[in-house]
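Architecture and fold: a report
Below, each chain spelled out in residue letters.
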Amino acid sequence: MTASSERLPELSRLAGLLADQVLDAQIMSRPVPDQHIRTLLSAAFLLDEYGLPLPSLLQQIVHGAKRGAD
């Protein structure tokens, strides 16, 4: 693992926490900043590029984003 790839588990953890906040905001009908969604999608692409599994809540957001794009 390179120095940057050693940080991927932390990226995964933080993305999972942000995904939890985003989904909670959606459930409570609170606005979700576009930057949060962009950040989560960027994290998902990076984790996928390195072959790491996405946190389950992040998978839900990615799936929802794909549905919205259709």
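Let us look at the structure shown here. Just so you know, these numbers come straight off a predicted model, no measurement behind them. (Residues numbered from 1 in each chain as written. Predicted model: local features only at pLDDT ≥ 70, side-chain atom pairs only at ≥ 80, totals over all residues. Heavy atoms only, no water.)

Notes on helix α1 (residues 8-27)
Relative to the 28 Å expected for 20 residues at 1.5 Å per residue, α1 spans 28 Å between its end C-alpha atoms, a close match to the ideal helical length. Residues of α1 that are buried include every one of Leu8, Ser12, Ala15, Gly16, Leu18, Ala19, Val22, Leu23 and Ala25, and no others. The first or second residue beyond α1 is Ser29, which carries a positive phi of 55°. (Helix = DSSP H or I, 4+ residues; strand = E, 2+ residues; numbered from the N terminus. Expected span 1.5 Å × (residues − 1). Buried < 20%, exposed > 50% of the residue type's maximum accessible area, 1.4 Å probe, protein only.)

Examining the packing of α1 against helix α2 (residues 34-49)
Here α1 crosses α2 at 145°, and the two axes come no closer than 10 Å. For α1 against α2, the interelement crossing comes out left-handed. Each of Leu8, Leu11, Ser12, Ala15, Leu18, Ala19 and Val22 in α1 lies in contact with α2, whose residues at this interface are His36, Ile37, Thr39, Leu40, Ala43, Leu46 and Leu47. Class assignment of the residues belonging to the contact of α1 with α2 gives a composition of 11 nonpolar, three polar and no charged. (Axes fitted to C-alpha atoms, helices over the stretch in contact; angles between N-to-C directions. Left-handed = near helix turned anticlockwise from the far one by under 90°. Contact = heavy atoms within 4.5 Å. Nonpolar A, V, L, I, M, F, W, Y, C, P; charged D, E, K, R; others polar.)

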